[in-house]
Amino acid sequence: SGVAKASTARTDSSFGIGATYVTTAGDSTVTIGAGFADSTTNTSGTQLVSDAGGMHIGVTAVTGDLTIGVGYGDGDSFAANDGTSTAANREIDGSVMKAGISYVTGDITLALGVTAGEAKDSDTFGTPATTDDSTDSTSASVTYAVASGVSAVVGYTTVDTNNEGASFTDGGSA
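Residues numbered from 1 in each chain as written. Predicted model: local features only at pLDDT ≥ 70, side-chain atom pairs only at ≥ 80, totals over all residues. Heavy atoms only, no water.

Chemist: Can you explain the overall build of the chain? Please cite residues and give values.
Modeler: What the chain contains, in helices and strands, is zero helices and 10 strands. For the chain, the N- to C-terminal ordering of α and β elements is β-β-β-β-β-β-β-β-β-β. Of the contacts made within the chain by residues no fewer than 6 positions apart, 46% connect residues no fewer than 24 positions apart. Total accessible area on the chain is roughly 10900 Å²; 57% of this is exposed by carbon and sulfur atoms. (Helix = DSSP H or I, 4+ residues; strand = E, 2+ residues; numbered from the N terminus. Contact = heavy atoms within 4.5 Å. Areas by Shrake-Rupley, 256 points an atom, 1.4 Å probe, with all protein chains shown as cover.)

Chemist: I'd like to hear about the packing of aromatic side chains, residue by residue, with values.
Modeler: The relation between two aromatic rings is expressed through the spacing of the ring centres and the mutual angle of the planes. Summed over the entire model, instances satisfying the criterion amount to one aromatic pair. Relative to Phe 36, the ring of Phe 15 lies with its centre 5.8 Å away and its plane at 50°, an arrangement referred to as tilted. Taken together, the positions of Phe 15 in strand E1 (residues 9-25) and Phe 36 in strand E2 (residues 28-43) put the pair 21 residues apart, joining distant regions of the chain. In this structure Phe 15 comes out as partly exposed when scored by relative accessible area, which is 47%. Among the residues examined, Phe 36 registers a relative accessible area of 40% and is labelled partly exposed. (Phe/Tyr/Trp six-rings, centres within 6.5 Å; stacked < 30°, edge-to-face > 60°. Buried < 20%, exposed > 50% of the residue type's maximum accessible area, 1.4 Å probe, protein only.)

Chemist: Tell me about the pairing of strand E8 (residues 150-163), and please be specific about residues and values.
Modeler: Across 13 bridges, the pairing between strand E7 (residues 132-147) and E8 is antiparallel. Residue pairing across strands places Asp 136 opposite Asp 160, the latter belonging to E8. In this structure, the hairpin formed by E7 and E8 is closed by a connection of two residues, where Gly 149 is found at a positive phi of approximately 85°. Pairing of E8 with strand E10 (residues 172-173), which is carried by two bridges, proceeds in the antiparallel orientation. When the sheet's bridge partners are listed, Thr 158 is paired in E10 with Ser 173. Note that E8 and strand E9 (residues 166-167) share two bridges and pair antiparallel. Bridging across to E9, Asn 162 finds its partner in Ser 167. Turn length for the E8-E9 hairpin, with the two strands adjacent in sequence and antiparallel, is two residues, and the turn residue Glu 164 shows positive phi of about 55°. (Pairing = 2+ DSSP bridges.)

Chemist: How would you sum up the confidence of the model for the chain? Please name residues and give values.
Modeler: Averaged over every residue, the pLDDT of the chain is 83; residues scoring 70 or more account for 75%. Ranking the elements of the chain by mean pLDDT puts E9 last with 74 and strand E3 (residues 53-63) first with 94. (pLDDT = per-residue confidence, 0-100.)

Structure below.
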C-alpha cells in the first residue's frame, strides 16, 4: 500500500535469577524471596531509554495463626503497538509495594492489606517519562466459616488512582 512500516521492538536476550530462603525464629517461620531479571531489546525505530528488567523482594512471617507479609518490586518495561490499536509504543518505569496481615481465630479470619504502586509511562520510545501514574489501595475483611465449604465475608476497599499526575476516575471505595 506504500504506507511506511511502524517501528517494532523485539527482545534480543534475557535472563533471570531468584532465590528463596526459609528459616525458623522461635515460634515463627520466616520466608525471604528475591529475584532479578533483565533483557536487551532491539527496535527497528527509535531506541528505548532502558531495556526491560526488574527486581523483587518479599518477606513473610507465620507465627501460629498470624501471618504478616511485605513485598517490593521495581522495574522497566515496554508495550509495543502490535498494529491493531491506535496506542503508541510506550516505555514504562514502575514500582509497587504490597503488605498484608491476617489472623485466624477459630472460625473467623481477619485480614488487612495495602498496596502502593507508582509508574511513569512515555508514549514515545526514547523519550523519558516525566509525570507519575499511581494507585494506592487499602482493603480489610472479616471472613466467618459458616459451615464446611461455606463462608460469609464482609470487606471494605478504598482505591486512589492518579494518571499523568492528576486524579483519575477509577478510584473509590466499596
